[in-house]
Every structure is written in structure tokens, then in C-alpha cells.
Amino acid sequence: MKRVPPSERTKKEIDKLVKEGTSEAEDPKTALVRLGVRRVLEEALEGAVRDLLGRGYYQRREPGSEGYRNGYRRARLKTSEGEVSYEAPQVRQVDASSMSQLRELLEGRTEGLETLALEMFARGCSTRDIEEIFSTDQGGSLLSRTAVSEITEALWQEYEEFATRDLSDISPLYLFLDGIAERLRPGAKSEAILCAWAITWSGRKVLVQLAPGTKESTDCCRQFLEDLRRRGLGDPVLVVTDGAPGLIRAVEECFPHSLRQRCLAHKMRNLLSKVPAAVQEEFKQATQATYQAPSPAIAQALREDVVTRFAKSYPTAVRCFEEDFEACIAHLHCPPAHRRIIRTTNLLERLFLEERRRTRAVGTLFGERPVLKLMYAALIRASERWHGVEIDAFSRYQLERLAEDLKQQARRTHAPAVTQNPGSTPNHVYSKKGT
């Protein structure tokens, strides 16, 4: 029985992640990037050994040829997504200095490897992308063109399998959508990568899709979501987004049977920026009490209190508070045990920690807009403290009733008006907002 190269075992782990999701404590995007980095490393090192020995993994050594494979050793690489452990091949009876040079080069290019791993699932990688990662500062390549081409082909196949797989076996209960600003090309402007992940009816987290969107326009977001629907993704009970207008419109068009939740982390940042520092704590407590009310009805009553207290002194902040209010309290229709997780695309405390960590790493002061972009790019990475959701029998009953009510309301909303005969009892004609 032939031994399986480490890169093949890593590929199987990626396939398992895509199909089965992650453990409760692990962020799916983080897990995917770490496995992607490991796959790139192992593919590169296996290609370098093949070039060094002049034969492939399964080929026997010809009489008189020098060098042989001597198993693998565990190696580690520190990245912003955590430590990546990989299998480094060992060789004997041949000069292996090029292997050491390659490993040293990669230790200083973890950011490039992470981008490569992300792009592997968001777009696929070109030969030039791989060559740039594995070239010296003087421009020389540490891998042959054959090795580079094989890595490119393997990653492209990985991407195609991920980006075109059937999604009908994923039953999304809560769907989270984000746009991540990433610089995918050296020297180029950052591009938007649209990301979707879900919490299923079984309570596990599943990475659904990563795809380039160039920008968060309605057309780009609509195409992204329509592709998910074509591949079999069903209607979630609730979709969580930030306040991007294009994404909001696309969600309302593509998921008419679902509630839409506005990310309260982003909303609170917007609100607090519109009141003086001396009033921020008071305003924060009042608005958070509204958003975290026991029920939608109580939230509506507390809303009126906020308007009464602050409208005269801070009209801009109150207008922002009232904007998209129903979406800000949509999570209150769901079981109380789930609300803390589904009212935002991240945990606010983790978001601030991530922002501080990354700005310290860059070592440069930022203006308001770059900081917001930085935090926006960190949204998915900030979910490491999530522990999934437990869906007990009563919660499932509540959610099933809610899902059915949403479908019934959508049918009534889009039902055509009926012309009445003289003297007949008029039928109810529902507006776009339902009853």
C-alpha cells in the first residue's frame, strides 16, 4: 500500500472542513486559512524534494542516483491566524541547503502565505502568484517552474471544488454575510472578498463561500447570493449583515422569507460617533437596552423613550438610531439563548482586541477611515470566542414556527390584489411590509 504524501492528507482535512464545518470553538475562516497555508507549504516542499532528487514521490531510486527521502519531521510556522503545524520532508546523502533556504524564506512571508491561502478559495491562484511567494529578495526562484505549476494546479482544483460544490446538504438556520477588504495582489488596491458562513439547524458552523466581489454593490452581492441559491442553499431564518446598502438590498431580494439582522457592533459605532464623548455612555446604555430588550414589543416602547430623551439635543444620532430599526431588533424574534451570537457578525470585545493587535503590528497611526477598514477586514477573524449554539427541543419548535410564519407572511406580501364583485366581502390586500 502506497504511503500518502502530507499534502494529500491536508487536502482531505480541507475537504472535511468544507463538508462538515468546524468545532464549536473554532472560526471556520481561520481554520480554512491555516489548512490552506499548510497545504501550500507541503506542496512547495514536496516539489522542492522532487526537483532535488530528480524523481517523484512514488518513483524508485535508479541505481547510481544520489540521495533518498528519509521521512518527515514536524515543523511549525507562526502566522496571524495562529501556529501552523506542517510536515517537512527530510532527505539524506544529498546537499539539502536549498531546502533550509526555502523554509527560512517562508518564515518571513507568513502574510503572503495567508493571502495566498485566502485567494486559493476566493479566486484561485496563478503561476505568477506562486512564483512571487517563493522567490528570493534578489528575484531568484527557489522552486522550479514544474513545481510551481503543480502547486498552482493543485490549488486551482481545490478552489474549483470548493466554489462549485453542492450546498443542498447545508441547512442554514442563521446566515452571516461580510465583505472583507484584502490586498490580493502586491502593490494593488484592496479588493472586497464576500464571505458567507452559517450556523446550521444542528448548531454547527459551516463556511459556505468566499468569492471576490470587487465592491459591495447590489449587483456583486446579488450575484454572490444567487450563486449560493443555484447550488442549493436554502432559506435561513435570519441573515446577519452590516449596513452596506448593496448587501442589504441583495439580501432582501434573494432571501424574502428570512429576517434580516443589522450588525449591532457596526451600528453602535455609528451611533456613538454622533454624540459628544460626555454623553456617549448614557446614550449607549439607552440604545443597548432597546436592542437587548426581552421582546420586540418592549423594544418598540424603549425606542420611543430614546427618541423623547435625545431627539432635541442630538437629532442626527436619533435619526441614525431610528434608521433600519426593525433590522436592529430582528434577533429578538429568536430564542433568547441565541441572541447574543446572532445580533452581530462578531463579538464586540474581540473586535476591539483584534483592531489593537493589528494596528500595533503595523506600527503606524491611522485615520478614521483606515481604522474602520482594518476592523472591517478583521470581522471573521474576531469570532474565535464563539461556542456555537445549542438547539433544544423548545428552541427548535420556536424557530420552526418562526420560519413558517415568515413564509406565510412572504406569500401574503406578494399575493396579487383580487378584484371584488359588487356586494361581495372585500379580501385583505397586503402591502409590501405585510401585516
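Above this text sits the structure in question.
About the cut-offs
- The residue count restarts for each chain, going from 1 along the sequence in the order it is written.
- With the structure being a predicted model, the display of local features is reserved for residues of pLDDT at least 70 and the display and counting of side-chain atom pairs for 80 or more, all residues being used for whole-chain, interface and lining totals.
- As a convention, hydrogens and water are excluded, and side-chain values are obtained from all of the structure's heavy atoms.
- Definition of nonpolar core: a set of buried residues of the types Ala, Val, Leu, Ile, Met, Phe, Trp, Tyr and Cys, connected through side-chain atoms within 4.5 Å.
- Burial status follows relative accessibility: with a 1.4 Å probe on protein chains alone, a residue under 20% of its type maximum counts as buried, one over 50% as exposed, and anything between as partly exposed.
- Throughout, a residue-residue contact means that at least one pair of heavy atoms, one from each residue, lies within 4.5 Å.
- DSSP-based pairing: two strands are paired if at least 2 bridges between them are found.
- Numbering of helices and strands runs from the N terminus; a helix is a DSSP stretch of H or I covering at least four residues, while a strand is a stretch of E covering at least two.
- Axis definition: a line fit to C-alpha positions, over the contact stretch in the case of helices; interaxial angles, taken between N-to-C directions, run 0 to 180 degrees.
- When describing relative orientation, an angle under 35 degrees is termed roughly parallel and one over 145 degrees roughly antiparallel, while 65 to 115 degrees is termed roughly perpendicular and anything else oblique.
- Two helices that cross are described as forming a left-handed crossing if the nearer one is turned anticlockwise from the farther one by less than a right angle, and a right-handed crossing if clockwise.
- In this count, Pro and Cys sit with the nonpolar residues alongside Ala, Val, Leu, Ile, Met, Phe, Trp and Tyr, while Asp, Glu, Lys and Arg are called charged and the others, Gly among them, polar.
- Any two of the Phe, Tyr and Trp rings considered here, Trp counted by its six-membered ring, make a pair once their centres fall within 6.5 Å; the pair's planes then place it as stacked at under 30 degrees, edge-to-face at over 60, or tilted in between.
- What counts as a salt bridge is simple: a side-chain nitrogen of Lys or Arg found within 4 Å of a carboxyl oxygen of Asp or Glu.

> I keep staring at the nonpolar core and nothing clicks. Help me out?
Grouped burial of nonpolar side chains is what soluble globular proteins tend to show. Counting 29 residues, the largest nonpolar core has Tyr174, Val237 and Leu238 as the members making the most contacts within it. Contact partners of Val237, with chain neighbours within four places excluded, come to Pro172, Leu173, Trp201, Ser258, Leu259, Leu399, Leu402, Ala403 and Leu406.

> Explain the pairing of strand β2 (residues 82–92) to me, please; I cannot follow it from the model alone.
Within a regular beta strand, the side chains point alternately toward one face of the sheet and then the other, so they alternate between its two faces. Judged from the 10 bridges that link them, strand β1 (residues 68–79) and β2 form a sheet pairing that is antiparallel. For Arg76, the partnering residue across the bridge sits in β2 and is Ser85. The hairpin formed by β1 and β2 contains two residues between the paired strands.

> Would you mind showing me how to read helix α9 (residues 264–272) here?
In an α-helix, one turn spans 3.6 residues, which is why side chains three or four residues apart end up on the same side. Burial of α9 is extensive: seven of the nine residues sit out of reach of the surface. All of the buried residues in α9 are Leu264, Ala265, His266, Lys267, Met268, Leu271 and Leu272.

> Quick question: what am I supposed to make of the packing of helix α11 (residues 296–310) against helix α12 (residues 315–322) here?
The packing of two helices is summarised by the inter-axis angle and the distance between the axes. For the pair α11 and α12, interaxial distance at closest approach is 9 Å and the crossing angle is 165 degrees. In this view, α11 runs roughly antiparallel relative to α12, as classed from their interaxial angle. Every pair of crossing elements has a handedness; the one defined by α11 and α12 is left-handed. Here Arg303, Val306, Val307 and Phe310 of α11 come into contact with α12, specifically with Pro315, Val318, Phe321 and Glu322. For the contact of α11 with α12, the class distribution of residues is six nonpolar, no polar and two charged.

> What should I look at first to understand the packing of aromatic side chains in this one?
In this description, an aromatic ring pair is defined by two values, namely the gap between the centres and the angle between the planes. Summed over all chains, the structure comprises five aromatic pairs. The interplanar angle of 10 degrees and the centroid separation of 5.5 Å between the aromatic rings of Phe176 and Trp197 together place this pair among those described as stacked. You can see Phe176 sitting in strand β3 (residues 172–182) and its partner Trp197 sitting in strand β4 (residues 191–200), a full 21 residues away along the chain. An identical accessibility class is assigned to Phe176 and Trp197; each is buried. A ring pair is formed by Tyr291 and Phe321, whose centres lie 5.8 Å apart and whose planes are at 40 degrees; its orientation type is tilted.

> Sorry if this is basic, but what is going on with the pattern of salt bridges here?
Note on pairing: side chains with opposite charge can pair once their charged atoms come close. Under the defined criterion, the tally for this structure stands at 17 salt bridges. The shortest N-O distance in the salt bridge between Asp219 and Arg222 comes to 2.8 Å. Of the two residues, Asp219 and Arg222 both sit in helix α7 (residues 218–230), three residues apart, roughly one turn of that helix. In this structure Asp219 comes out as partly exposed when scored by relative accessible area, which is 45%. Where Arg231 meets Asp227, a salt bridge forms, and the shortest distance between an N and an O atom there is 3.0 Å. One salt-bridge network, in which partners are shared between bridges, spans Glu252, Arg260, Arg262 and Asp324.

> I keep staring at the environment of Lys11 and nothing clicks. Help me out?
By the secondary structure assignment, Lys11 is in helix α1 (residues 6–20). On a C-alpha basis, the gap between Lys11 and Gly36 in space is 8.7 Å, while along the polypeptide they are 25 residues apart.

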